[in-house]
Amino acid sequence: IRQLAYCLAFPRDSSQQQHDAVMGGVLFRQLNEQIDLLTGAWGAMERINGTPLPFIYVVHLRTFLILYLLLWHMQAIAGSGWIALLPLQLASWGLLGIEAAAVECERPFQWHLNHLALGKSCIVVAQNLAQTYENLGYLKPEDHQIKMEKPAQSEC
């Protein structure tokens, strides 16, 4: 990527050598800063995404949650009758939702509504690069309209 940044910053067919060398140096420095920012953020997100929940945590949580809910339902129905079924179901739904949220936290970067928007952060970095090009006169403002689109399902 840095070689591409160098080629973009210092084109070979330059007619204004002195001016283009200064502008190319500024562009190259700004591109390198954006590349460093992108690779640092990407590495942090990869580490987060690549760290699964410990297996024993998942097994322990699910086993004791199911046992607790099963025994709680039996005790509540035995003590209060079938009238306790609706409150039990609502409480169970809440507790199982907390467990589902823990599973969702295991893979935080996907294209679902309750996941972190990795694609949006990549778009911001791309817009910063395009703005750098525009500020140095390499692009017109209408040339870098970047739109956020959901990728095809096979790309996720």
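Further up the page is the structure itself.
A brief report on the enclosed structure follows. (Residues numbered from 1 in each chain as written. Predicted model: local features only at pLDDT ≥ 70, side-chain atom pairs only at ≥ 80, totals over all residues. Heavy atoms only, no water.)

### Comments concerning the overall build of the chain
Then comes step 1: Each helix and strand counted, the chain has five helices and zero strands in total.
Then comes step 2: Listed N to C, the secondary structure of the chain is α-α-α-α-α in terms of helices and strands.
Then comes step 3: Counting all 156 residues of the chain, 21% fall into the buried class.
Then comes step 4: Taking as baseline every contact in the chain between residues at least 6 positions apart, the subset at least 24 positions apart corresponds to 61%.
Then comes step 5: If you sum the accessible surface of the chain, you get close to 11600 Å²; carbon and sulfur atoms cover 64% of it. (Helix = DSSP H or I, 4+ residues; strand = E, 2+ residues; numbered from the N terminus. Buried < 20%, exposed > 50% of the residue type's maximum accessible area, 1.4 Å probe, protein only. Contact = heavy atoms within 4.5 Å. Areas by Shrake-Rupley, 256 points an atom, 1.4 Å probe, with all protein chains shown as cover.)

### Let's talk about a nonpolar patch on the surface
Then comes step 1: A surface patch of nonpolar side chains, about 300 Å² in accessible area, is lined by Tyr68, Leu95 and Ile98.
Then comes step 2: Position of Ile98 among the secondary structure elements: in helix α4 (residues 85-104). (Patch = residues over 30% accessible without salt bridge, like charges linked within 9 Å, V, L, I, M, F, W, Y side chains within 5 Å. Salt bridge = Lys/Arg side-chain N within 4 Å of Asp/Glu carboxyl O.)

### Quick notes on the pattern of salt bridges
Then comes step 1: Under the criterion given, the structure shown has two salt bridges.
Then comes step 2: Note that Glu33 and Arg29 form a salt bridge whose closest N and O atoms lie 2.9 Å from each other. A residue pair is termed a helical-turn pair when its members lie 3 or 4 positions apart in one helix, as Glu33 and Arg29 do in helix α2 (residues 17-49) at four residues.
Then comes step 3: Accessibility expressed as a relative area gives 43% for Glu33, which makes it partly exposed.

### Digging into the side chain of Ser92
Then comes step 1: Its location among the elements puts Ser92 in helix α4.
Then comes step 2: Beyond its immediate sequence surroundings of up to four residues, Ser92 is in contact with Leu69 and His73.

### A word on helix α5 (residues 118-135)
Then comes step 1: Compared with an ideal rise of 1.5 Å per residue, which puts 18 residues at 26 Å, α5 spans 26 Å between its outermost C-alpha atoms and is within 8% of the ideal.
Then comes step 2: Where α5 is concerned, the buried positions are Gly119, Ile123, Val125, Ala130, Thr132 and Tyr133. (Expected span 1.5 Å × (residues − 1).)

### Concerning the packing of helix α3 (residues 55-80) against α4
Then comes step 1: Relative orientation of the contacting elements α3 and α4 amounts to 175 degrees, with a least axis distance of 11 Å. The orientation of α3 relative to α4 falls into the category roughly antiparallel. Counting all contacts with α3, which are made through Tyr57, Leu61, Arg62, Leu65, Ile66, Tyr68, Leu69, Trp72, His73, Ala76 and Ile77, the residues of α4 involved are Leu85, Leu88, Gln89, Ala91, Ser92, Leu95, Leu96, Glu99, Ala102 and Val103.
Then comes step 2: Of the residues contributing to the contact of α3 with α4, the split by class is 16 nonpolar, three polar and two charged. (Axes fitted to C-alpha atoms, helices over the stretch in contact; angles between N-to-C directions. Parallel < 35°, antiparallel > 145°, perpendicular 65-115°, else oblique. Nonpolar A, V, L, I, M, F, W, Y, C, P; charged D, E, K, R; others polar.)

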